[in-house]
Structures are given as C-alpha cells and as structure tokens.
Amino acid sequence: MTVPPIRERPDACPGALQTHAAADGALARVRLPGGALTAEQLRALSTAAGELGDGALELTSRGNVQLRGLRSGGERELGDRLAEAGLLPSATHETARNVLASVLSGRTGGVLDVRSWVTEFDARMCADPALADLPGRFLTAFDDGRGDVAGLGADVGLLALDRATVALLLAATDTGLRCRPDEAVGLALAATRGFLDERAAQGGTPWRVTELAEGPARIAAALGGPRTDPLPVPSPPLTGPAGAVLQDDGRTALVAVVPLGRLTADQAGLLASTAVGGLQLTPWRSVVVPDLEGAGAAGALAAAGLVLDPRSPWLSVSACAGRPGCAKSLADVRGDVVRAVATGTLPMGGARQHWVGCERRCGRPSGNVVDVVATSTGYRIG
C-alpha cells in the first residue's frame, strides 16, 4: 500500500510571487490556465523578461511561462506587472492554477468546447479559500474528447465522452463517475477538495493524488453517485501539432513549436503582432495563433526561428535548463541539444527524447520518452 510521504519542507514549487533561487538568478513561474493569454499579455510578459530577467520566456510542459534570471528585488515589480496585465487574479491561489486544456478546443476537433470549463474552474477555485492549500504540483486537465491531455498525468481530469457525457478522471484513470457538461466543473472542484480532505485524513504531506494510499478510489468513493464501468484513458500524443491547421469555421490556426521552449523577445513580439485575439500555449512547448485568415504569416514565424514543419526534429526533443542556469547540471544541455539537432546526431533515431543535466530529470514530459542523461563522462541513454 502507498504510504503518504512526510516531507520536512513545504512545497517550494515556484510561482509568480514565490520564486526559486536558481544559479542564474531568481526564477518565476506564471500560471496560465488552459495555456490561454492575450497578445497584450504576451507582450507584458516579454517586456518583464527583458527588463527584469534574462530577456526570454520559457514555456513549460504544463502550458505555463517562466522568467529566469530575475534581478534581486524584482519579484515585487513582477507581481505588480502581472496583476496589471490580468495574469495574477489571486495572490493566494497563484501556484495552484495548473490547468491543461485540449489544444484548439472549440475551433476544431473534440466533441465540445472546454474553454468555458477553464475560466469557470479558475474563477471558482480562486474564490475558495480552502483551495489555496493545493500544492503547486497539483494538476487539472480538461479534455474535449480528442484525448490529447487526458493521459498527461493530471490529478483531476474531465474527459468529454460525447456532447452530453463527461467522465471524471483521477490520476489519469477513469473513476466511472459521469456527469453532464454543465455539471463538470462542479464535479472537478469537488474532487479537488476531496484530495485535500483525503490528504488530511491520511496525514503526511503528499503533493499528488498518486501519493495517497488508494487515492483515486477513496476520493471517488467520497464523492458518491452512480458509476459505470471505467473506460481506458487515451494515451497522450508524443508530440503536439505543428504548422497550419484548418479550423471548422474556415479560418486558420498556426501552431509554432518553440525550440527547447525558449521564446525570445523578437519571437514573442512577432507572435503577439500576428495574433488577432487570444493565443494558447500547449504542453508541447508550442504557441497556437488561431482565427487567422489564411497561413500567410507562417513564413515570417519560421524565419524567426519558430518551427511549423511537423517533420522537424524539434518536435521530438526537449531539455532541462542545464548549465549555466542550474548549479546541479553536469552539462550545457541546451547547447548540446542544439548541436545534435544541427548535425543530425540525435540518439535513438530521433525518438521522443528529453535531455537532462542530472538524475533529477527536471521538466520530463509524460508518456513514452527516452531520457538522455548527462554524467561526468558524457551522456547516457535511459
């Protein structure tokens, strides 16, 4: 039986206000529920990175954004800027706002639009004082039926089965509990509160549902209600989309992969100027620019170093920060990846792979991923 861990230190997962002291300066993580942000917000983030940090934005595997190399004392100014841009609706809940959503939901694919779930869940979560106690690693995922985020290991998930039926997932496993779409957010919030209740009952300091003894079963049992036979949860795709995607309304969405997730100021500015409304960051460290009248901007994005070719090796490789940003890293991981891509020498035939500078394997994506781990004598596979 799983024994809930007892940790001597509190959850130190970085946020926009609670930063992490890295080797290259403070690191702040800004939560973007569903990966959604406006062009103006992207500009605000990029400007803050340039004036307070190292000048670039880092995209994470949860569709969030990190700013690195923050100067001493810059945290307060960053918080003020984020609040002004509408990116910090709750100072008490900001590290708990980890929500994934299906890419391009409501525009193409899927059986229903989950964007309203994201906004309603975020607002109701931030209004509940008890949910401020959620660990920064706790994750929620809303899948519109296409199966792209349901299997990414979220603690609480919703999976649309058809236009009238939604399944509740816990630890990426179907509980058998079902509800209507208009009840889905309420059920997800109840399951989220159920995690905190079960954590208190079991003791210890677990951060994830999987760290609880029989976590999914106990939380689901406490929720009550009739159940059906659980269904297999779709495995997530190894890579996300890239390039021009035709929307159901005839317009175009451009999906631009950001190599190693590091978005420069020039790239951010180009994406913001290309957007006609909102943008979406994805768990595959790409940016979706939807609702365009054609794919004419694709050439300019590619010329700026963004990747729109679905055959590019950049779709299958990711990496931790490495040196000099991380003192524990044994290698300049990102520099080594860039050289491997440029010379066509990625290992394992270009299989989905994550390069890391030490055994902690930070930033590792979910699913079937090959680890390329730095050692004192070079890299090893696995």
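The structure contained in this document is the topic of the report that follows.

A complete count under the given rule lists 28 salt bridges for this structure. Among the ionic pairs, Arg361 bridges to Glu359, the shortest N-O distance being 3.0 Å. In this structure, a network of salt bridges that share partners links the residues Asp24, Asp54, Glu58, Arg68, Arg262 and Arg334.

A separate point is the pairing of strand 17 (residues 353-356). Alternating positions in strand 17 separate into two faces, Gln353 and Trp355 on one and His354 and Val356 on the other, with burial throughout. Pairing between strand 16 (residues 317-319) and strand 17: three bridges, direction parallel. Its bridge partner lying in strand 17, Val317 is registered against Gln353. Handedness of the strand 16-helix 8 (residues 333-343)-strand 17 crossover: left-handed. Bridge count between strand 17 and strand 18 (residues 370-375): four bridges; the pairing is parallel. Looking across to strand 18, one finds that His354 is bridged to Asp371.

This part takes up the sheet that holds strand 10 (residues 173-179). Read from one edge of the open sheet, five strands run 6-7-8-9-10, paired in mixed fashion. Taken across any chain shown, the strands that pair with only one partner, and hence form the sheet edges, are strand 6 (99-101) and strand 10. Within this sheet the neighbouring strands show an average axis-to-axis angle of 20 degrees, counted without direction. With respect to the sheet, helix 5 (residues 215-223) is in contact with strand 9 (165-170) and strand 10, its orientation differing from that of strand 9 by roughly 135 degrees.

Calculation criteria
The residue numbers shown here count from 1 along each chain, following its written sequence. Totals for whole chains, interfaces and linings use every residue, but because this is a predicted model, local features are given only for residues with pLDDT of at least 70 and side-chain atom pairs only at 80 or more, for both listing and counting. Each side-chain value is worked out from all heavy atoms of the structure, with water and hydrogens disregarded. A carboxyl oxygen of Asp or Glu within 4 Å of a side-chain nitrogen of Lys or Arg is what we treat as a salt bridge. Relative accessible area decides the class of each residue, using a 1.4 Å probe on protein chains only: under 20% of the type maximum gives buried, over 50% gives exposed, and in between gives partly exposed. Helix numbering and strand numbering both begin at the N terminus, where a helix is a DSSP run of H or I of at least 4 residues and a strand a DSSP run of E of at least 2. At least two bridges found by DSSP between two strands are what make those strands a pair. Convention used here: a crossover is right-handed provided that the path from the first strand, over the helix, to the second strand proceeds clockwise when the strands point away from the viewer. Each axis is a line fitted through C-alpha atoms, taken for helices only over the stretch in contact, and angles between the N-to-C directions span 0 to 180 degrees. Pairs of residues are marked as contacts when any of their non-hydrogen atoms sit within 4.5 Å.

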